[in-house]
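Each chain is listed here by its residues.
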Amino acid sequence: MLENFLGGLAVVMQPLNLLLLTSAVFIGFIGGALPGISGVILVVILLPVTYGMEPTTAFMVLTAIYGATVFSGLITAILYRAPGTPEAVMTAFDGYPMTQRGEAGKALGIGVLSSAIGGLVGTIALIVFTPMLATMALRFSSPEYFALAVLGLTVVASLGGRLIFGLIGAALGLFIATIGIDPLTGTSRYTFGNLNLAEGVGLIPVIVGLFAVSEVMKRTLDHESHQPLTKVKVKIFDLPILRQIGNTLTRSSIIGVIIGILPGIGASTAAMVSYSETVRWSKHPEKFGKGAPEGIAAPESANNAAAMGALVPLFALGIPGSGTTAVILGAFIMHGLQPGPMFMLTSSDLIYAVFAGLFIVNFMILLFSKPFIVLFTKLLNVPYSALGPIIIMCCVVGTYSVRNSMFDVWLMLGFGVLGYLLEKINFPMVSIILGLVLGPIAESELRRSLSMSQGSFEIFLTRPISATLLAVALLLLAVTLFMPLVKRARRRAATGPSFGE
Amino acid sequence: MPAHYFKYATLGLALLGTTTGAVASDADDFPSKPIQFLVAAGAGGGTDNFARVVRPMFEEAIGGARITVVNLPAASGALAHQRTANGEPDGHTLDFASTTLVTSLAAGQNPVGLDQLTPVARMQSDVMALFVNPERFEDFDAFKTYAEENPGKVTVGGTHTASPDHMAFLSLVDASGLDMNFIPYDSTGNATANVLGGNIDATTTSLSPLLSYIDAGQMAPILVFSDERLEDYPDVPTTVDNGWELTDGNDRAIFVHADTPALIVARLEDAFKTVFDSEDYQAYAERVNLDYRDGWMGGDEYRQRLESNYELYTRLLEND
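Residues numbered from 1 in each chain as written. Chains lettered and ligands numbered in written order. Predicted model: local features only at pLDDT ≥ 70, side-chain atom pairs only at ≥ 80, totals over all residues.

- The name an unreviewed UniProt entry assigns to chain B is Tripartite tricarboxylate transporter substrate binding protein, from the organism Vreelandella malpeensis.
- The UniProt entry for chain B carries the following text under Sequence similarities (unreviewed entry): "Belongs to the UPF0065 (bug) family." (UniProt positions renumbered as here; feature names shortened; annotations may be inferred.)

- Per an unreviewed UniProt entry, chain A carries the name Tripartite tricarboxylate transporter permease and comes from Vreelandella malpeensis.

Okay, here's the thing in structure tokens:
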């Protein structure tokens, strides 16, 4: 294996390949940073360009673009609350408040470092464990996915702020997720005969609207004064910070890899779940959403780890783990290659060259992201009267390009207004995203599980992984709900009977 | 007043001349403006790859044209069909669609009827089959016996409801009378993973995406939806062997507005036939494993096929 990897490294180090890899990283940087332009679209656009290349080079380039887009979504999420990719939406929750506090440089540094670490952990898992992890992924079926989604949803109780708002938000997210043709029965739900709604409400119009557009509205309508940040110093290696986020990085990278290798759910879910778990395990959950460094470290290490993890089932089984990897699978077929169970044996040279390429890409992110980010931070000095419209324009173009749909653009603007209003009452947006991302998984996997078991709920308890996950969810929920009561009782016991309160 | 009549007659003739002239020159001048390929599926999928591979070949076959490819994946491609049917009937808007066009129509999810579109040609027809984990079922007989002994217990996966996969399942149930359950997944990959992991019993889907699993011995086709046995799998029985007339594959075809002049449709069909017969195209078909049976079917023949399929699918969905 090490021999294979070194062989792959030698292929990557060929000058032409290195040059192409560097360009791919830059293309990925730009695409990932622009709201709406995601890895899927970039890979599709560049696919025809790779037809003329050697397959090895072609797939090094495509996977490098993929890796770089997942990283660079964080830049605009942190600086303008306009997540460049859906994977980066969680990063905005704590990244943007830090920018508002004048700590943009620190936030970006944490983001870059977490991304690179997550990416490296994911790549190493990919190189070392691919065949083993792939077999594990196959043990995951509908009951396990359902249990995982439930585990994610219970975190609503741990999020700061008013619990009732959290529940309303999650319910709203779940509701939005039900719109469209029900994939299991083919019935139209809340589409009102509108074809544009048949496929459901996309994640991108909602995210771009709720976050980017609402922020531009807020700063324009509320005449919020804009303090120009004259100098943003990005510090990537900061020892005290690293100590603070060390545990978060480890936990989130592992969560990221595990969720990434599961076919069907991708890096956005990984970022979501690891953020939730970080909040849950934190001693100061109330700090999240207000600029906690862990709130950047968790989603960024998880989404990059998951992006690499999603390649595991692709290479080992020919089953894509996410949207972009599905397009890469198509690209393999167009190049006359057949990813599947034998792929690791028949095309090991190619695969190890791709692995080595990804390994290098994660170092390139550390190396090249700084000058690239500086470009974006320069924009912070542009007056908001000019920057705001540019952000809106990027949002419109990006959202339109996803499905070539003007309807999605109107939807995005509508969610912008909604986001603006919800912001006024300090509504926890994270709960909406939670419901929206995990809702479809919970719903369809519950129904699929029941189809598998002919309607019996026992299936969730007889399968070990799903039973464990559900038990953990129940336990954590109980702990979060009863802990405050226990604490209060203890305090009361310690201070003796008091009638003052 | 003969002079009057004469005037009207010439005017009439002149008008006739311009109209007939216009029709002839429509087909001669075709294409008179840029051509749009509307892909009724998302970027990067099979139908999208098909349209993008065909594009330069078609450009050459039609004698030069500016072609843009637009993906309209929303609503199982219904938006692409709608835009084609509501556009100019001049043959410059081509709808690249799969069998999903007729299956979604039968399910009431696609408002554009077969009378609003004219098929130009079918170029691909991926063979459908029933796949199992060979460790679990040796052959179709074993599968059938198990399904008969355990009515309602067998789970078969495939892509979403009213997809070609689902129709293959429904038509198999309809013909064989076996009592089985269909579980719809988001993608072929997810259905495949569940068969590989032993979570479900089988999947009904097209052959080409599963070839690598068959080669690795992890999946096996046990029943092929075809009138002849496949050269590579001579031992696998066909539906027709069992006396079931189920030979529909997952097709990829090109459609235009229903009122497009016949001459232009013919011109388009010729151009696609030239593409189909070219070495480049055949090399592509072989590369993506779509050479198991002849994909080509002319527009008129394909229309009849679609109409009878529409009836069949509507009936199957109503009974389901």
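### Observations concerning the overall build of chain B
Part 1 of the reasoning: Across its full length, chain B carries 11 helices and 11 strands.
Part 2 of the reasoning: Referenced to the eigenvectors of the C-alpha coordinate spread, the extents of chain B come out at roughly 90 × 40 × 35 Å.
Part 3 of the reasoning: For chain B, the share of sequence-separated contacts (at least 6 apart) that also reach a separation of at least 24 residues comes to 78%. (Helix = DSSP H or I, 4+ residues; strand = E, 2+ residues; numbered from the N terminus. Contact = placed C-beta atoms within 7 Å.)

### A word on the overall build of chain A
Part 1 of the reasoning: Helix and strand counts for chain A stand at 22 helices and two strands.
Part 2 of the reasoning: A globule of 501 residues ought to have a C-alpha radius of gyration of about 23 Å, and chain A, at 23 Å, matches this closely.
Part 3 of the reasoning: When its C-alpha atoms are laid out on the principal axes, chain A stretches across 80 × 60 × 55 Å.
Part 4 of the reasoning: Here chain A holds 501 residues, and the buried ones make up 57% of them.
Part 5 of the reasoning: Sequence separation of at least 24 residues holds for 79% of the intrachain contacts in chain A that already meet a minimum separation of 6. (Rg over C-alpha atoms; globule rule 2.2 N^0.38 Å. Buried ≥ 20, exposed ≤ 12 C-beta atoms within 10 Å, placed from the backbone.)

### Thoughts on helix α20 (residues 429-452) of chain A
Residues and elements named next belong to chain A.
Part 1 of the reasoning: The end-to-end C-alpha separation of α20 is 35 Å, in line with the 34 Å expected for 24 residues at 1.5 Å each.
Part 2 of the reasoning: The largest bend in α20 comes to about 40°, at L438, with the proline P440 one to four residues further on.
Part 3 of the reasoning: The element α20 is largely enclosed, with a buried count of 19 among its 24 residues.
Part 4 of the reasoning: Immediately downstream of α20, the backbone of Q454 shows phi near 55°, a positive value. (Expected span 1.5 Å × (residues − 1). Bend = angle between axes of the 7 residues up to and from the residue.)

### A word on the interface of chain B and chain A
Part 1 of the reasoning: Across the contact, 44 residues belong to chain B and 40 residues belong to chain A.
Part 2 of the reasoning: Mapped by element, the contributors of at least two residues to the side of chain B that touches chain A are α2 (46-61), β2 (67-71), α3 (78-86), β7 (180-185), α7 (188-196) and α8 (211-215) of chain B.
Part 3 of the reasoning: With six residues, the top contributor of residues to the side of chain B that touches chain A is α7 of chain B.
Part 4 of the reasoning: Tallied by class, the residues present in the side of chain B that touches chain A amount to 19 nonpolar, 20 polar and five charged. (Nonpolar A, V, L, I, M, F, W, Y, C, P; charged D, E, K, R; others polar.)

### With respect to the sheet that holds β7 of chain B
Part 1 of the reasoning: Pairing is mixed in the open sheet, where five strands are placed in the order β7-β6-β8-β5-β9 (chain B). The open sheet terminates on both sides in strands that have one partner only, identified here as β7 and β9 (220-225) of chain B. Ignoring strand direction, the axes of neighbouring strands in this sheet form an average angle of 30°.
Part 2 of the reasoning: Sheet analysis places strand β5 (residues 128-132) of chain B next to strand β8 (residues 202-206) of chain B, joined by five bridges and oriented antiparallel. Across the sheet, residue M128 of chain B finds its bridge partner in β8 of chain B, namely S206 of chain B.
Part 3 of the reasoning: Lying on the sheet, α20 of chain A is in contact with β6 (154-159) and β7 of chain B; it crosses β7 of chain B at an angle near 160°. (Pairing = 2+ DSSP bridges. Axes fitted to C-alpha atoms, helices over the stretch in contact; angles between N-to-C directions.)

### Observations regarding the pairing of strand β10 (residues 250-257) of chain B
All names here are of chain B.
Part 1 of the reasoning: Burial runs high along β10: eight of the eight residues are buried.
Part 2 of the reasoning: Note: strand β3 (residues 93-98) against β10, four bridges, orientation antiparallel. Looking at β10, one finds that S98 is bridged to R252.
Part 3 of the reasoning: Both strand β4 (residues 117-126) and β10 contribute to a ladder of eight bridges, which runs antiparallel. Counterpart to L117 in the pairing with β10 is H257.

### A short note on the pairing of β3 of chain B
All names here are of chain B.
Part 1 of the reasoning: Burial within β3 is extensive, with six of its six residues counted as buried.
Part 2 of the reasoning: Burial along β3 is two-sided: the face carrying T93, D95 and A97 and the face carrying L94, F96 and S98 are both buried.
Part 3 of the reasoning: Note: strand β1 (residues 35-39) against β3, four bridges, orientation parallel. For Q36, the partnering residue across the bridge sits in β3 and is T93.

### Structural notes on the confidence of the model for chain B
Regions with low pLDDT should not have their predicted coordinates read in detail.
Part 1 of the reasoning: On average, chain B scores 88 in pLDDT, and the residues at 70 or more come to 92%.
Part 2 of the reasoning: Here the predicted complex carries an ipTM of 0.76, next to a pTM of 0.81. (pLDDT = per-residue confidence, 0-100.)

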